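Structural overview for review
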Amino acid sequence: MTVHFVGAGPGAADLLTLRAVRLLERADVVLYAGTYLDAEVLGHCRDGARLVDTQHLDLEEITAALVDAHREGLEVVRLCSGDPSLYSAVHEQARRLDAASVAWDVTPGVPAYAAAAAIVGAELTVPELAQSVVLTRTQARSTQMPAGEQLAAFAATGATLALHLGITRTRELAAELAEHYGADCAVAVVSKATQPDELVLRGTLADIADQVEAAGLRQAAVILVGPALAPDVRGGESYLYAASRERRQRP
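Residues numbered from 1 in each chain as written. Predicted model: local features only at pLDDT ≥ 70, side-chain atom pairs only at ≥ 80, totals over all residues. Heavy atoms only, no water.

Going by the annotation in an unreviewed UniProt entry, the name recorded for the chain is Precorrin-4 C(11)-methyltransferase, with Aeromicrobium tamlense given as the source organism. According to UniProt, the comment filed for the chain under the heading Pathway (unreviewed entry) is "Cofactor biosynthesis; adenosylcobalamin biosynthesis." (UniProt positions renumbered as here; feature names shortened; annotations may be inferred.)

Taken in spatial order, the 5 strands make up an open sheet running E6-E7-E10-E8-E9, and their pairing is mixed. Each edge of the open sheet carries a strand with a single partner, namely strand E6 (133-137) and strand E9 (199-204). The sheet shows a mean angle of 15° between the axes of neighbouring strands, direction not considered. Of the pairings in the sheet, the one linking E6 to strand E7 (residues 160-164) comprises 5 bridges and is parallel in character. Bridging across to E7, Val134 finds its partner in Leu161. Relative to the sheet, helix H4 (residues 112-120) contacts E6, E7, strand E8 (186-191), E9 and strand E10 (221-225), its axis offset from that of E10 by approximately 65°. (Pairing = 2+ DSSP bridges. Helix = DSSP H or I, 4+ residues; strand = E, 2+ residues; numbered from the N terminus. Axes fitted to C-alpha atoms, helices over the stretch in contact; angles between N-to-C directions. Contact = heavy atoms within 4.5 Å.)

This brings us to the sheet that holds strand E4 (residues 76-80). In space, the 5 strands of this open sheet follow the order E3-E2-E4-E1-E5, with parallel pairing throughout. The open sheet is flanked by strand E3 (50-53) and strand E5 (104-107), the only strands paired with a single partner. Across the sheet, the axes of successive neighbouring strands diverge by a mean angle of 20°, strand direction being ignored. In terms of strand pairing, strand E1 (residues 3-7) meets E5 through 4 bridges, oriented parallel. Each residue of the ladder has a partner; that of Phe5, found in E5, is Val106. Its contacts with the sheet put helix H2 (residues 59-71) on E1, strand E2 (29-32) and E4, and the angle it makes with E4 is roughly 155°. Against the sheet, helix H3 (residues 90-99) makes contact with E1, E4 and E5, and its axis sits at roughly 170° relative to E1, the strand it touches most.

The next thing to look at is the nonpolar core. Judged by nonpolar contacts, the single largest core of 22 residues is most densely connected at Leu161, Leu177, Tyr181, Val189, Leu205, Ile223 and Val225. Listing elements by their share of this core, those giving two or more residues are helix H5 (151-155), E7, helix H6 (170-181), E8, helix H7 (208-215) and E10. Top contributing element to this core by residue count: H6, with 4 residues. Sequence-distant contacts of Tyr181, that is, excluding residues within four places in its chain, are made with Phe154, Ala155, Gly158, Ala159, Leu161, Leu205, Val225, Gly226 and Pro227. In this structure, Ala20, Leu23, Val30 and Leu37 belong to the second largest nonpolar core, which totals 18 residues. (Core = buried A, V, L, I, M, F, W, Y, C linked by side-chain atoms within 4.5 Å. Buried < 20%, exposed > 50% of the residue type's maximum accessible area, 1.4 Å probe, protein only.)

Within the structure shown, the criterion is met by 8 salt bridges. Salt-bridge contacts for Arg26 lead to Glu75; the nearest nitrogen and oxygen are separated by 3.9 Å. Placement of the pair is Arg26 in helix H1 (residues 18-26) and Glu75 in the loop between H2 and E4, with a sequence separation of 49 residues. Notably, a salt bridge pairs Asp197 with Lys192, separated by 3.1 Å at the nearest N-O pair. A relative accessible area of 27% means that Lys192 is categorised as partly exposed. The network of salt bridges with common partners includes Arg171, Asp210 and Glu213. (Salt bridge = Lys/Arg side-chain N within 4 Å of Asp/Glu carboxyl O.)

Take unusual backbone geometry next. The backbone of Glu128 shows a phi angle near 65°, a positive value even though the residue is not glycine. Note that Glu128 resides in the loop between H4 and E6. Residue classification places Glu128 among the exposed positions, given a relative accessible area of 74%.

So this is what it looks like as structure tokens:
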């Protein structure tokens, strides 16, 4: 049997991939992060499946549950909010599974930043304005950031920023980013994207902290920053679709 790390997407039960749904439908055991996961996602699980909420478990306890279920000969799914490639602790869990000789694989999901961009109707890479997206987080009650990954260094590029795990430090972050983007730079904050209690805030680096604090946001929010987020954004046009571009016929 194999342990499947599955991206649950941003929250909506219909934003899982077809592969993810098939894995949930046949799983005997499903471990999920109850803090961030909309309960409707679990509606894809079959009747009788063992459901384990991991929000109060540490890494060793989660890994032990995966290994024990595997050794029972059960099909196991570890649901990760968003996409497993970002801030999911898959690396740490997979390392432990390897040590226990337990096979595993990964099924991607819709990442929270992509869902947030869709909700506000923004393309994060606007020609001649922003062609890079930086996915990063800030340090508060979390693991230390690696040397060289300072927020100011990313902001200096002018790229679109997608900030995770930083909603409780919005005021501090906005002040730091304003030094590079300007206080009037557009910001969008999306809390619990695609879930029933989704909340969207739009503003600038000058006023977004006031909005976040007034809304009482403390977790499960993505902060998008950059000129591409402006409601009236005007950029260039992609050469890919230009009439002047030579197009080759595929065989």
